[in-house]
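# Coordinate inspection notes
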Amino acid sequence: MVRTCKVIWWEEFIAAIIMAILLTYILLVALLESFSQPFIILTTIPIGAIECDWFFNSNRKSISMISLMAIVMLIGVVVNNAILLLDQANRLFRTSDMEDVLLY
């Protein structure tokens, strides 16, 4: 079976994404000193990917190199937002009672 350059490129791209996710998880475990909270943060990545897929399918657009860079930036913004929300919830949990945290 002859592998085309396009197939090899996608395989390398997917391997790079998986490596980036694993390294981000390890970094978040070290920073947050918890194994479950980074997992909560990383669950936002599929949400961002689903939104991108919805956009490209609804507008009948193809994925180019520039759009891949935009997807990476979008996922970075989504993960950063999740980190900020989780940090605020942790801060409220330490300083307030549980009712305030749940209402936030």
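Look up: the structure comes first, before these words.
No experiment lies behind these values; they were computed from the predicted model shown.

## Things to note about the nonpolar core
One finds Leu-28, Ile-41, Leu-42, Ile-45, Cys-52, Phe-56, Leu-68, Ile-71, Ile-75, Val-79, Ala-82 and Leu-86 forming the largest nonpolar core, which totals 12 residues. Of all the secondary-structure elements, those providing two or more residues to this core are α2 (36–42), α3 (44–58) and α4 (65–95). Here this core takes six residues from α4, the largest share from any one element. Here Ile-41 is in contact with Leu-28, Leu-32, Val-79, Ala-82, Ile-83 and Leu-86, once residues within four sequence places are set aside.

## Description of the pattern of salt bridges
Applying the stated criterion to the full structure yields one salt bridge. Where Arg-91 meets Asp-87, a salt bridge forms, and the shortest distance between an N and an O atom there is 2.7 Å. Placement of the pair is Arg-91 and Asp-87 together in helix α4, with a separation of four residues, close to one helical turn.

## Here we look at unusual backbone geometry
The backbone phi angle of Glu-33 is positive, close to 55°, even though this residue is not glycine. Note that Glu-33 resides in the loop between α1 (5–32) and α2. In this structure Glu-33 comes out as exposed when scored by relative accessible area, which is 72%.

## Re the packing of α3 against α4
Remark: α3 packs on α4, axes separated minimally by 9 Å, with the N-to-C direction vectors making an angle of 140°. Taken together, the axes of α3 and α4 lie oblique to each other. Crossing of α3 over α4 shows right-handed handedness. In this structure, α3 contributes Thr-44, Ile-45, Gly-48, Cys-52 and Phe-56 to the contact, and α4 contributes Ser-67, Ile-71, Leu-74, Ile-75, Val-78, Val-79 and Ala-82.

## Some thoughts on α4
Given a rise of 1.5 Å per residue, 31 residues ought to cover 45 Å, and the 45 Å separating the end C-alpha atoms of α4 matches this to within 8%. If you check which residues of α4 are buried, you get Ser-67, Leu-68, Ile-71, Ile-75, Val-79, Ala-82, Leu-86, Asn-90 and Leu-92.

## Thoughts on a nonpolar patch on the surface
Residues Trp-9, Trp-10, Ile-14, Ile-18, Leu-22 and Met-65 make up a contiguous nonpolar surface patch of roughly 570 Å² in combined accessible area. Of all the elements, α1 adds the most residues to the nonpolar patch, at five residues. Of note, Ile-14 is situated in helix α1.

Definitions and limits used
Residues numbered from 1 in each chain as written. Predicted model: local features only at pLDDT ≥ 70, side-chain atom pairs only at ≥ 80, totals over all residues. Heavy atoms only, no water. Core = buried A, V, L, I, M, F, W, Y, C linked by side-chain atoms within 4.5 Å. Buried < 20%, exposed > 50% of the residue type's maximum accessible area, 1.4 Å probe, protein only. Helix = DSSP H or I, 4+ residues; strand = E, 2+ residues; numbered from the N terminus. Contact = heavy atoms within 4.5 Å. Salt bridge = Lys/Arg side-chain N within 4 Å of Asp/Glu carboxyl O. Axes fitted to C-alpha atoms, helices over the stretch in contact; angles between N-to-C directions. Parallel < 35°, antiparallel > 145°, perpendicular 65-115°, else oblique. Left-handed = near helix turned anticlockwise from the far one by under 90°. Expected span 1.5 Å × (residues − 1). Patch = residues over 30% accessible without salt bridge, like charges linked within 9 Å, V, L, I, M, F, W, Y side chains within 5 Å. Areas by Shrake-Rupley, 256 points an atom, 1.4 Å probe, with all protein chains shown as cover.

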